There are 2 protein chains.
Amino acid sequence: MSGLVSLVGAGPGDPELLTVRAVNRLREADLVLHDALVPAAVLALAGRARLFYVGKRAGRHSIDQDTIHKLMIRAARRGERVVRLKAGDPFVLGRGGEEALALEAAGIPYEIVPGISSAIAAPALAGIPVTHRGLAAGFAVVSGHAESAYAPIVDAIAPGSLTLVVLMGVRTRGAIAARLIARGWPSHTPVAIVFGASQPDSFTWLGRLDSVGEATFETELPAVIVIGEVVSLAHAARKPQAQIAERYA
Amino acid sequence: MSGLVSLVGAGPGDPELLTVRAVNRLREADLVLHDALVPAAVLALAGRARLFYVGKRAGRHSIDQDTIHKLMIRAARRGERVVRLKAGDPFVLGRGGEEALALEAAGIPYEIVPGISSAIAAPALAGIPVTHRGLAAGFAVVSGHAESAYAPIVDAIAPGSLTLVVLMGVRTRGAIAARLIARGWPSHTPVAIVFGASQPDSFTWLGRLDSVGEATFETELPAVIVIGEVVSLAHAARKPQAQIAERYA
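The text that follows walks through the structure, step by step, so that each part is easy to find. The model shown is predicted, which means the values in this text are computed figures rather than measured ones.

**Let's talk about the side chain of glutamate 98 of chain A**
Then comes step 1: Structurally, the position occupied by glutamate 98 of chain A is in helix H4 (residues 96–106).
Then comes step 2: Look at glutamate 98 of chain A and you get buried, because its relative accessible area is 18%.
Then comes step 3: If near-sequence neighbours (up to four positions away) are discounted, glutamate 98 of chain A is found in contact with Gln65 and His69 of chain A together with His132 and Arg133 of chain B.

The following block contains the structure:
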């Protein structure tokens, strides 16, 4: 009997923001392969499973992608229930697509369990709707981890036309902001950085495109950058659980 | 004692794709104000609440936005627990931002409970990752309900630069496709329309930009349109629960 691999989104961090199906799959799992950004409180839901860390360490994958595929396939062939647990949603800026293709090619039964993406939830929890009448009719999501990832998207979008959400962009925020300003975005465009959304120590930095590069942060929390006029709503529509440091520079 | 208003995302339709917090809020609710696209199986979770339909009928709001605000505020002032339940995520192309501002202005305690947005989940459940190495480094989400909503975004994005996800666009799909082709998108760009994602009668139509306008559908299921090279993965990485009608025109 073949097992099943579930590609599961863990959401932004708060265990109550997992889906009911994600919780069920974790409880039933024999093996959980998880990334770095999944908090201990979420992993604790996997009561009887072996936990295996397959994330990145200091920017490098501790285990390469092929090995992750082999681990999933081998366990499923032994009849095990495998959860591949990724922060946020498995198909947003992760390698969930590659993992689905590998399982498909190996003939392993698998399913996708979508998760709450921090691309949408992090702004929301800071009181920022990614779309809002009169301010933004749409939004775009991009990875900021490298210039090769963000430059083609940044260059493809007309200045100020939509809300831009950048994941994994804290390190490169100055370069991204400079590129946007060079492309014609107003330097006073509001910017928010939401750190640790949905987690107890969450906080939000508010500023502008021309100040975000110089701001300094002493935190290891995952961060989501939101760029656009909707950020101005963070003041009015702020959430009780988000401690908003109102620091318009 | 003042009550609490929870702006809750109901996800794409399957009750197991609600978050744990959304289920808890529904179970504890005194009053649920819900939209048209929330299925009965989700509403059934609100065991003891009065259910109040505040969605659209035939394109027109049966109840205007101000009245929704008043209903929420009045119930909260009576000390009730109110759930404002929206399909998908409350802050994606809905009016969640306006509702948050109204609650803020009235001094009503409220919280945001993010939901699984069909903008990401519908493609995922059809085997389409919105981002994928070598195919798309980012994605944009827009409403197709009116030209005034989609045209500024469509015109602002360089052809083929990212995955374009259109919600509420089935009626206008021909006009959107024609506009994209006129802007320079290749007419053979793959297009998927995912109907009723996560629901038992879900199905996916596959075609191209130059065929999507002429396709006909006899269904009332909510639909998500995905445009871009990532759609080509729907063949290989298809999900068991998605019945994919492979109709490349």
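**Concerning the nonpolar core**
Then comes step 1: Ranked by size, the top nonpolar core spans 80 residues in total, and within it Leu85 and Val141 of chain A together with Leu85 and Val141 of chain B carry the most contacts.
Then comes step 2: Ignoring anything within four residues of it in the chain, the contact list for valine 141 of chain B reads Ala137, Gly138 and Phe139 of chain A together with Val92, Leu93, Ala119, Val165 and Leu167 of chain B.
Then comes step 3: In terms of nonpolar packing, the next biggest core, distinct from the first, is built from 52 residues, Leu164 and Ala215 of chain A together with Ile153 and Phe195 of chain B among them.

**Details of the relation of the copies chain B and chain A**
Then comes step 1: Superposing chain B onto chain A takes a rotation of 180 degrees plus a shift of 0.0 Å along the axis, which leaves an RMSD of 0.0 Å. In short, the pair behaves as if placed about a two-fold rotation axis.
Then comes step 2: Looking at the interface residues of chain B, 100% of them are also at the interface in chain A, so both copies use one shared face.

**Remarks on the packing of aromatic side chains**
Then comes step 1: Per the counting criterion, the structure on display carries six aromatic pairs over all chains.
Then comes step 2: When the centroid spacing of 4.8 Å and the interplanar angle of 50 degrees are considered together, the rings of phenylalanine 195 of chain A and phenylalanine 217 of chain A count as tilted. In this pair, phenylalanine 195 of chain A sits in strand S10 (residues 190–195) while phenylalanine 217 of chain A sits in the loop between strand S11 (203–208) and strand S12 (223–227), placing the two residues 22 residues apart along the sequence.
Then comes step 3: On the basis of relative accessibility, which here comes to 17%, the residue phenylalanine 217 of chain A falls in the buried class.
Then comes step 4: Between tryptophan 205 of chain B and phenylalanine 217 of chain B, the aromatic rings sit 5.9 Å apart at their centres with planes inclined by 85 degrees, giving edge-to-face as the arrangement. In this pair, tryptophan 205 of chain B is assigned in strand S11 (residues 203–208) and phenylalanine 217 of chain B in the loop between S11 and strand S12 (223–227), connecting sequence segments twelve residues apart. Like phenylalanine 217 of chain B, tryptophan 205 of chain B is buried.
Then comes step 5: Connected via pairs of aromatic rings, a cluster forms that spans Phe195, Phe203, Trp205 and Phe217 of chain A.

**With respect to the environment of glycine 11 of chain A**
Residues and elements named next belong to chain A.
Then comes step 1: With respect to the helices and strands, the residue glycine 11 is situated in the loop between strand S1 (4–9) and helix H1 (20–28).
Then comes step 2: Judged by its relative accessible area of 5%, glycine 11 is buried.
Then comes step 3: Ignoring any residue separated from it by four or fewer positions in sequence, one finds glycine 11 in contact with Lys86, Ala87, Gly88 and Ile116.

**Focus on the sheet that holds strand S7 (residues 110–113) of chain A**
All names here are of chain A.
Then comes step 1: The strand order across the open sheet built from five strands is S3-S2-S6-S1-S7, with neighbouring strands paired in parallel fashion. Either end of the sheet is taken by a strand with one partner, and the two such strands are strand S3 (50–53) and S7. On average, each strand axis in the sheet is inclined to that of its neighbour by 20 degrees, with strand direction left out of account.
Then comes step 2: Pairing geometry for strand S2 (residues 31–34) and strand S6 (residues 81–86), over four bridges, is parallel.

**Quick word on the environment of isoleucine 227 of chain B**
Residues and elements named next belong to chain B.
Then comes step 1: With respect to the helices and strands, isoleucine 227 occurs in strand S12.
Then comes step 2: Looking at isoleucine 227, the relative accessible area reads 3%, which means it is buried.
Then comes step 3: Other than its neighbours up to four places away in sequence, isoleucine 227 contacts Leu162, Thr163, Leu164, Val166, Leu180, Trp185, Thr189, Pro190, Val191 and Leu209.

**Topic: the sheet that holds strand S6 (residues 81–86) of chain B**
Residues and elements named next belong to chain B.
Then comes step 1: As summarised here, the arrangement of the five strands in space is S3-S2-S6-S1-S7, forming an open sheet in which the pairing is parallel. With one partner strand each, in any of the chains shown, strand S3 (50–53) and strand S7 (110–113) form the two edges of the open sheet. Put simply, the sheet's adjacent strands are angled 20 degrees from each other on average, direction ignored.
Then comes step 2: Where helix H4 (residues 96–106) meets the sheet, its contacts fall on strand S1 (4–9), S6 and S7, and the angle it forms with S1 comes to roughly 170 degrees.

The rules behind these values
Residues numbered from 1 in each chain as written. Chains lettered and ligands numbered in written order. Predicted model: local features only at pLDDT ≥ 70, side-chain atom pairs only at ≥ 80, totals over all residues. Heavy atoms only, no water. Helix = DSSP H or I, 4+ residues; strand = E, 2+ residues; numbered from the N terminus. Buried < 20%, exposed > 50% of the residue type's maximum accessible area, 1.4 Å probe, protein only. Contact = heavy atoms within 4.5 Å. Core = buried A, V, L, I, M, F, W, Y, C linked by side-chain atoms within 4.5 Å. Least-squares fit on C-alpha atoms with pLDDT ≥ 70 in both. Phe/Tyr/Trp six-rings, centres within 6.5 Å; stacked < 30°, edge-to-face > 60°. Pairing = 2+ DSSP bridges. Axes fitted to C-alpha atoms, helices over the stretch in contact; angles between N-to-C directions.

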